[in-house]
Amino acid sequence: MDGYLTFTKYNSTWKTQRALLKQPLSASVVKTDYCSLLESKAKQYIVRCLSRPEDFLTEINKVVAETVIELTYGRLEDGRGVDYVKLNTHLADILVWGMEGFAVDLVPAYDPEVRSSFMFKKFEALYDGNDETKDADQLAKDEMELTRAGLIIFFDVQRNAQLEIDRVVGKERLPNFRDQSDLPYLHAVVLETLRWSPVVPFGTLLYSQIHLNSSDISLNPTGVPRVSTQDDTYSGYFIPKGTTVIGNAWGFSRNPQYYTNPWEFDPTRHLKQTPELDPRQYAFGYGRRICPGKELAFQQTWMMAASIIWAFDLVATEANWTSQQDQIDHFTFGLLK
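Counting from 1, residues in each chain are numbered in the order their sequence is written. In keeping with the model being predicted, local features are shown solely for residues with a pLDDT of at least 70 and side-chain atom pairs are shown and tallied solely at 80 or more, while totals for entire chains, interfaces and linings include all residues. Note that water and hydrogens are dropped before the side-chain values are worked out from all heavy atoms of the structure.

Q: Any chance you could explain the overall build of the chain here in plain terms?
A: Helix and strand counts for the chain come out as 13 helices and six strands. For every residue, the accessible area obtained with a 1.4 Å probe (protein chains only) is divided by the maximum for its type, and the residue is called buried under 20%, exposed over 50%, and partly exposed between those limits. Here the chain holds 337 residues, and the buried ones make up 42% of them. Any two residues whose heavy atoms approach within 4.5 Å at even a single point are treated as in contact. Long-range pairs, those at least 24 residues apart, make up 66% of the contacts in the chain between residues at least 6 apart in sequence. Accessibility throughout is a Shrake-Rupley quantity obtained with a 1.4 Å probe, and a residue counts as covered only by protein chains that appear here. Split by element, the accessible area of the chain, about 18,400 Å² in all, is 55% carbon and sulfur. Here a strand is any run of E in DSSP of at least two residues, a helix any run of H or I of at least four, and the numbering for each starts at the N terminus.

Dropping the structure here:
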């Protein structure tokens with residue numbers, strides 16, 4: 001795994017990889033060099049949804065993947081017609097499948113009598129033909145369901161964002177990045193979404209999909225724990241070298257020390273004269289392992305949100321309204337099950 005940035009130890013290879021990513025993924029480059037691609041992809045998504053509205057969630061996952069692939073390789077397939085998006089998704093599934101497990105495997109204190117046996121059970125399930133892994137399309141729908149549910153459950157927020165966009169952008173064109181400074185409420189909605197449903201509630205961001213139980217509805221890329229490299233003491237707790245450490249972004253997002261009424265979805269907290277804590281300080285990881293693509297991710301989220309809210313009214317059917325209400329504070333543990 002040492003060739004894979006997320007898992008590379010802190011060494012010269014890691015430093016070189018991070019240095020190579022720093023400039024092309026910086027805020028200034030993203031806003032100047034990539035804005036036209038992000039705007040184009042948002043437009044493609046709207047067009048696809050108009051022709052195939054039932055693929056609302058599948059298409060948003062596809063558009064995001066296409067954006068990363070085009071920025072990385074400059075094209076979506078090779079000369080033989082191999083689809084890079086499908087190939088990357090398949091490889092990511094394999095990577096996560098090989099790492100996922102259960103909470104008792106990571107925290108044995110949950111059940112001292114249970115020993116780690118996840119991989120054995122997984123191989124056994126494959127041998128018996130009973131593997132319950134979902135396909136990529138269904139996984140994408142699960143991951144995006146909470147974002148859609150948020151806009152539906154808090155319909156007044158969606159309506160206020162629409163009114164702002166209609167006033168600034170109008171009906172004749174799609175939003176673009178030149179409108180960004182004139183859409184403060186939309187910016188606050190995106191920030192509040194990051195706080196209300198942290199991208200990685202536990203761990204460090206890994207770009208891949210996760211396998212969810214059928215009852216799990218969440219937007220959570222995989223979380224990767226850290227390991228302490230030396231003995232340390234924090235708030236009176238001794239942390240020995242080699243201890244697994246998991247950052248708790250969910251705890252930060254619900255801490256009343258940082259947020260007024262933290263359980264409420266309230267974009268106006270980011271519009272105060274003294275705004276409350278910006279969730280980007282923890283939503284994409286921490287320290288030197290912070291996600292290098294955080295600015296690209298945020299800007300694409302903003303562009304997609306602006307376009308979707310401009311183009312559509314997101315409403316719940318009577319049949320699924322109750323179930324979506326139940327998901328307001330539902331989350332998963334990433335790699336854990």
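Q: Is there a simple way to explain the packing of aromatic side chains in this structure?
A: Stacked, tilted and edge-to-face pairs are distinguished by plane angle, under 30 degrees for stacked and over 60 for edge-to-face with tilted covering the rest, among Phe, Tyr and Trp rings (Trp via its six-membered ring) whose centres lie within 6.5 Å. Applying the stated criterion across every chain, the model contains eight aromatic pairs. Between the aromatic rings of Tyr73 and Tyr84, the centroid separation amounts to 5.2 Å while the plane-to-plane angle is 45°, which identifies the pairing as tilted. One end of the pair, Tyr73, is in helix 4 (residues 56-73); the other, Tyr84, is in helix 5 (residues 84-97), and 11 residues separate them in sequence. On the accessibility criterion, Tyr84 (17% relative accessible area) is buried. Aromatic side chains Phe252 and Tyr282 sit 5.7 Å apart centroid to centroid with 65° between the ring planes, which places their arrangement in the edge-to-face category. Of this pair, Phe252 sits in helix 11 (residues 249-253) while Tyr282 sits in the loop between helix 11 and helix 12 (294-311), and the two are 30 residues apart along the sequence. By relative accessible area, Phe252 is classed as partly exposed at 32%. In textbook terms, an aromatic cluster arises when at least three aromatic residues are bridged by ring pairs, as seen for Phe154, Trp196 and Phe265. Geometrically, a charge over a ring is one whose NZ (Lys) or CZ (Arg) sits within 6 Å of the ring centre while staying within 35 degrees of the ring normal. The side chain of Arg288 reaches across the aromatic face of Tyr10, ending 3.5 Å from its centre.

Q: Is there a simple way to explain a nonpolar patch on the surface in this structure?
A: Excluding any residue in a salt bridge, patches collect residues exceeding 30% relative accessible area, merging like charges within 9 Å and nonpolar Val, Leu, Ile, Met, Phe, Trp and Tyr side chains within 5 Å. Any Lys or Arg side-chain nitrogen found within 4 Å of a carboxyl oxygen on Asp or Glu counts as a salt bridge. Residues Leu87, Leu91 and Ile94 make up a contiguous nonpolar surface patch of roughly 260 Å² in combined accessible area. Among the secondary structure elements, Leu87 is positioned in helix 5.

Q: Could you clarify how one ought to interpret the pattern of salt bridges in this entry?
A: Should the charged atoms of two oppositely charged side chains come close, the side chains can pair. Tallied over the entire structure, the rule returns 14 salt bridges. Salt-bridge contacts for Glu70 lead to Lys41; the nearest nitrogen and oxygen are separated by 2.7 Å. One end of the pair, Glu70, is in helix 4; the other, Lys41, is in helix 3 (residues 35-51), and 29 residues separate them in sequence. With a shortest N-O distance of 3.1 Å, Glu192 and Arg269 are connected by a salt bridge.

Q: Honestly, helix 3 in this entry has me stumped. Any pointers?
A: Given 3.6 residues to a turn, an α-helix orients residues that are three or four positions apart in the same direction. Each helix should span, by expectation, one fewer than its residue count multiplied by 1.5 Å. Taking 1.5 Å of rise per residue, 17 residues should cover 24 Å, and helix 3 covers 25 Å from first to last C-alpha, within 8% of that figure. Restricting attention to buried positions, one finds in helix 3 the residues Cys35, Leu37, Leu38, Lys41, Ala42, Tyr45, Ile46, Arg48 and Cys49. In the core, the buried residues of helix 3 are packed alongside helix 2 (27-33), helix 4 and helix 12.

Q: What am I meant to see in the nonpolar core here?
A: Where a protein is soluble and globular, its nonpolar side chains tend to be buried together. Among the nonpolar cores identified, the biggest contains 46 residues, and Tyr45, Leu186, Phe284, Trp302 and Ile308 are the most heavily contacted of them. No other element matches the nine residues that helix 12 contributes to this core. Residues contacting Leu186, with those up to four places away along its chain left out, are Glu164, Ile165, Trp302, Ala305, Ala306 and Ile309. Here, nonpolar core means buried Ala, Val, Leu, Ile, Met, Phe, Trp, Tyr and Cys residues that are tied together by side-chain atoms lying within 4.5 Å of each other.

Q: Is there a simple way to explain the packing of helix 10 (residues 184-196) against helix 12 in this structure?
A: A packed helix pair is summarised by two numbers, namely the angle formed by the two axes and the spacing between the axes. For the pair helix 10 and helix 12, interaxial distance at closest approach is 10 Å and the crossing angle is 120°. Here helix 10 is positioned oblique relative to helix 12, judged by the angle of their axes. By crossing handedness, the relation of helix 10 to helix 12 is classed as right-handed. Here Leu186, His187, Val190, Leu191 and Leu194 of helix 10 lie close against helix 12, whose contacting residues are Phe298, Thr301, Trp302, Ala305, Ala306 and Ile309. The class makeup of the residues in the contact of helix 10 with helix 12 is nine nonpolar, two polar and no charged. Structural elements are reduced to axes, namely lines fitted to C-alpha atoms, with helices fitted over the stretch in contact, and the angle between N-to-C directions of any two is expressed from 0 to 180 degrees. With respect to orientation, any angle under 35 degrees is reported as roughly parallel, any angle over 145 as roughly antiparallel, any angle of 65 to 115 as roughly perpendicular, and every other angle as oblique. The crossing is said to be left-handed when, going from far helix to near helix, the turn is anticlockwise and less than a right angle, and right-handed when the turn is clockwise. As a working rule, the residues Ala, Val, Leu, Ile, Met, Phe, Trp, Tyr, Cys and Pro are called nonpolar, Asp, Glu, Lys and Arg charged, and the rest polar, with Gly in that last group.

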